[in-house]
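If you want the building blocks of each chain, they are given just below.
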Amino acid sequence: MTSQDQSELKRAVAQAAVQEIRSKLRRDTVLGVGSGSTVNLFIEALAPLRDDFAGAVASSTETERRLRAAGIEVFDLNQAGTLSVYVDGADEIDHDFAMIKGGGAALTREKIVAACAKEFICIADGSKLVRQLGGFPLPVEVIPMARSYVAREMVKLGFSPVYRQGVVTDNGHQIIDLFDQLIDDAREMETRINQIAGVVTNGLFAHRGADLLLLGTAEGVQRLI
Ligand code: 5RP
């Protein structure tokens, strides 16, 4: 698949997500909006409906900037409370709708906003659907002073950790990417990595996976529940 084909699939699922939520929008609806190139297209597609809902909570400073540029009001999560819907992409998603996220380093805020949403709609091109998670390196956000310790603990779990040089998250932390291990039990691994001192969170979204997957394929957008 060329990158242009992939972009077209991302655009198609972004538009499908707008159609999906359109009838659910009320004047007081606050949406959760994720991060990444697919979500950027979703924000573009959502912009014409800006007057039909109250606004959105952003999962990254970049998403916040794009929402504002699209004329969509941005709310602080503490003011917004429970969100009706969260729309976000994924780096990988399996058939149980567990995901690896954080390729764009926004995993912690994404996980927080997703936790506050009644429904998680994942928008992804077909290349993201996998039998088993772990082909994509699993991001872990760490407190900077704990980076080497966390990396050593990850080696004990069988991963090959690589420090994502030059990246500082919106929360002021660093990212380690975990290579070389397919994940048998995503929930167990999510919990296990999060127990390690210095880990802020990891990019497995298994305990709170997606509820609906809009998957872009050459045959059209598949709506999978
Ligand atoms: C960012 C994410 C993104 O959702 C993920 O990286 C997918 O991005 P894209 O839509 O650009 O393929 O988790 O932290």
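The chain carries the name Ribose-5-phosphate isomerase A in an unreviewed UniProt entry, which gives Kushneria marisflavi as its organism. Taken from UniProt, the Catalytic activity (unreviewed entry) comment for the chain reads in full: "aldehydo-D-ribose 5-phosphate = D-ribulose 5-phosphate". Of the chain, the UniProt comment under Pathway (unreviewed entry) reads exactly: "Carbohydrate degradation; pentose phosphate pathway; D-ribose 5-phosphate from D-ribulose 5-phosphate (non-oxidative stage): step 1/1."

Focus: the domain arrangement of the chain
For the chain, the assigned domains are domain 1 (3–130 + 207–219) and domain 2 (138–202). Computed from C-alpha atoms alone, the centre-to-centre distance between domain 1 and domain 2 is 24 Å. Across the contact, 13 residues belong to domain 1 and 13 residues belong to domain 2. Of the residues forming the side of domain 1 that touches domain 2, the biggest block, four residues, is contributed by helix H5 (residues 107–115). For the side of domain 1 that touches domain 2, a count of residues per class yields five nonpolar, six polar and two charged.

Examining helix H3 (residues 61–69)
Those residues of H3 not exposed but buried are Thr63, Arg66 and Leu67. Viewed end-on, H3 has its buried residues packed into an arc of 100 degrees, placing them on one side of the element. Away from its buried face by more than 90 degrees, H3 exposes Arg65 and Ala69. Considering only its buried residues, H3 is in contact with strand E1 (30–33), helix H2 (37–46) and strand E2 (55–58).

Quick notes on the rules
Residues numbered from 1 in each chain as written. Predicted model: local features only at pLDDT ≥ 70, side-chain atom pairs only at ≥ 80, totals over all residues. UniProt positions renumbered as here; feature names shortened; annotations may be inferred. Domains from an automatic or database assignment. Contact = placed C-beta atoms within 7 Å. Helix = DSSP H or I, 4+ residues; strand = E, 2+ residues; numbered from the N terminus. Nonpolar A, V, L, I, M, F, W, Y, C, P; charged D, E, K, R; others polar. Buried ≥ 20, exposed ≤ 12 C-beta atoms within 10 Å, placed from the backbone. Arc of directions from axis to C-beta.

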